Structures are given as structure tokens and as C-alpha cells.
Amino acid sequence: IMGVVVLLMLLEPHLSGTILIVSIGIVMMFVGGTDMKWFFLGGALLVAAIVVMVLIPGVVSYAMSRVEYWIDPFSDPQGAGYQTIQSLYAIGSG
């Protein structure tokens, strides 16, 4: 069930929400006493999913552009870097 939700969120693309849902799902499965073989199977599926994400155009480039504008928001201050710059101003002014 979690795989279907994750797939739909990756198609959106909502990478941070996907990471949060997968993390919460793994913790809930571990606390619930899921057998360790399912975690190994999930790890193998995760590796396969990462390979597929690299092959699907748009998913990785979207995430990489977000990281690039987070690292250097002043490269596009009126566009993609605007929100990061405003948050830096807010933190700086207290």
C-alpha cells in the first residue's frame, strides 16, 4: 500500500513528502514488529526505485534544481531563490 502512495507522490513530483511518508512507514513497520526480511526486500526495492528515478527525466532534475537554488539562492533572486532569500532575511532580523 505504501508503495502505491509513494509512486503517486513521485509522479507529482513531491520528493520531500515522499521521503517523509517512507520514513514514517518504515518506523511504523519496525515498531509493529515486521519481520526483517521485509526490510531487506524494501531496501532492494528502494535501490531499484532510485535507479528508475535516475532514468525518468524530470524527477532528478527537479530535485537537483531545488538543491541548487537552496545552495545559491542569489543566482535567481526574483524567481526560484526568492523564498530562500526571504527566509534568510527573516532569520537575520530576528
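Computed from a prediction, not measured in an experiment: that's the story for all the values here.

Conventions adopted
Here the residue numbers are simple positions, counted from 1 along each chain's written sequence. Note on the predicted model: pLDDT of at least 70 is required for a residue's local features to be given, and 80 or more for side-chain atom pairs to be given and counted; whole-chain, interface and lining totals, by contrast, use all residues. With hydrogens and water stripped out, all remaining heavy atoms of the structure feed into the side-chain values. Per the convention used, a helix needs a DSSP run of H or I reaching at least four residues, while a strand needs a run of E reaching at least two, with both numbered from the N terminus. All radius of gyration figures rest on C-alpha atoms, and the globule criterion is 2.2 Å times the number of residues raised to 0.38. With a 1.4 Å probe rolled over the protein chains alone, any residue whose accessible area is under 20% of its type maximum counts as buried; one over 50% counts as exposed, and the rest are partly exposed. Note on contacts: a residue pair qualifies if any of its non-hydrogen atoms lie within 4.5 Å across the two residues. In this description, accessible areas are obtained by the Shrake-Rupley approach with a 1.4 Å probe, and a residue is regarded as covered only by the protein chains that are shown. Angles shown run from 0 to 180 degrees and are taken between the N-to-C directions of axes, each axis being a line fitted to C-alpha atoms and, for helices, limited to the stretch in contact. Orientation is classified from the angle alone, with under 35 degrees giving roughly parallel, over 145 giving roughly antiparallel, 65 to 115 giving roughly perpendicular, and any other angle giving oblique. Each crossing is labelled by how the near helix is turned from the far one, with a counterclockwise turn of less than a right angle marking it left-handed and a clockwise turn marking it right-handed. Candidate patch residues must exceed 30% relative accessible area and have no salt bridge, after which like charges are joined if within 9 Å and Val, Leu, Ile, Met, Phe, Trp or Tyr side chains if within 5 Å. One side-chain nitrogen of Lys or Arg within 4 Å of one carboxyl oxygen of Asp or Glu is enough to make a salt bridge. Helix span, expected: 1.5 Å multiplied by one less than the number of residues in the helix. pLDDT is a residue-level measure of predictor confidence that goes from 0 to 100.

Asker: Would you explain the overall build of the protein chain in this entry?
Answerer: Helix and strand counts for the protein chain stand at five helices and zero strands. Each helix (α) and strand (β) of the protein chain, taken in turn from the N terminus, gives the series α-α-α-α-α. Relative to a compact globule of 94 residues, whose C-alpha radius of gyration would be 12 Å, the protein chain shows 17 Å and is clearly more extended. Taking all 94 residues of the protein chain together, the buried fraction comes to 14%. Excluding contacts between residues fewer than 6 apart, the proportion of contacts in the protein chain whose partners are at least 24 apart in sequence is 17%. Summed over all atoms, the accessible surface of the protein chain reaches about 7300 Å², with 74% contributed by carbon and sulfur.

Asker: Sorry if this is basic, but what is going on with the packing of helix 1 (residues 2–11) against helix 2 (residues 15–31) here?
Answerer: In the contact formed by helix 1 and helix 2, the axes pass within 9 Å of each other and the chain directions differ by 170°. Between helix 1 and helix 2, the angle is such that the two are roughly antiparallel. In this structure, the crossing between helix 1 and helix 2 has a hand that is left-handed. Here Met2, Val5, Val6, Met9 and Leu10 of helix 1 come into contact with helix 2, specifically with Leu15, Gly17, Thr18, Ile21, Val22, Gly25 and Met29.

Asker: What am I meant to see in a nonpolar patch on the surface here?
Answerer: Among the surface-exposed residues, Leu46, Val47, Ile50, Val51, Val54 and Leu55 lie close enough to one another that they form a single nonpolar patch of about 600 Å² accessible area. Checked against the element boundaries, valine 54 lands in helix 3 (residues 36–55).

Asker: When you look at the side chain of threonine 18 in this model, what are you seeing that I'm missing?
Answerer: Secondary-structure assignment places threonine 18 in helix 2. Residues within four places of threonine 18 in sequence aside, it is in contact with Val6, Met9 and Leu10.

Asker: Can you help me understand helix 2 in this one?
Answerer: Two residues of an α-helix separated by three or four positions point the same way, owing to the 3.6 residues in each turn. Taking 1.5 Å per residue, 17 residues should reach 24 Å; helix 2 reaches 24 Å between its end C-alpha atoms and fits that length. Here the buried face of helix 2 lies against helix 1. Just downstream of helix 2 lies glycine 33, where phi reads positive at about 90°.

Asker: For this particular structure, what's the right way to read the confidence of the model for the protein chain?
Answerer: Low-pLDDT stretches of the model should not have their predicted coordinates read in fine detail. Averaged over all residues, the pLDDT of the protein chain equals 83, while 96% of them reach at least 70. Across the protein chain, the element-wise mean pLDDT spans from 75 in helix 4 (residues 59–71) up to 90 in helix 5 (residues 82–93).

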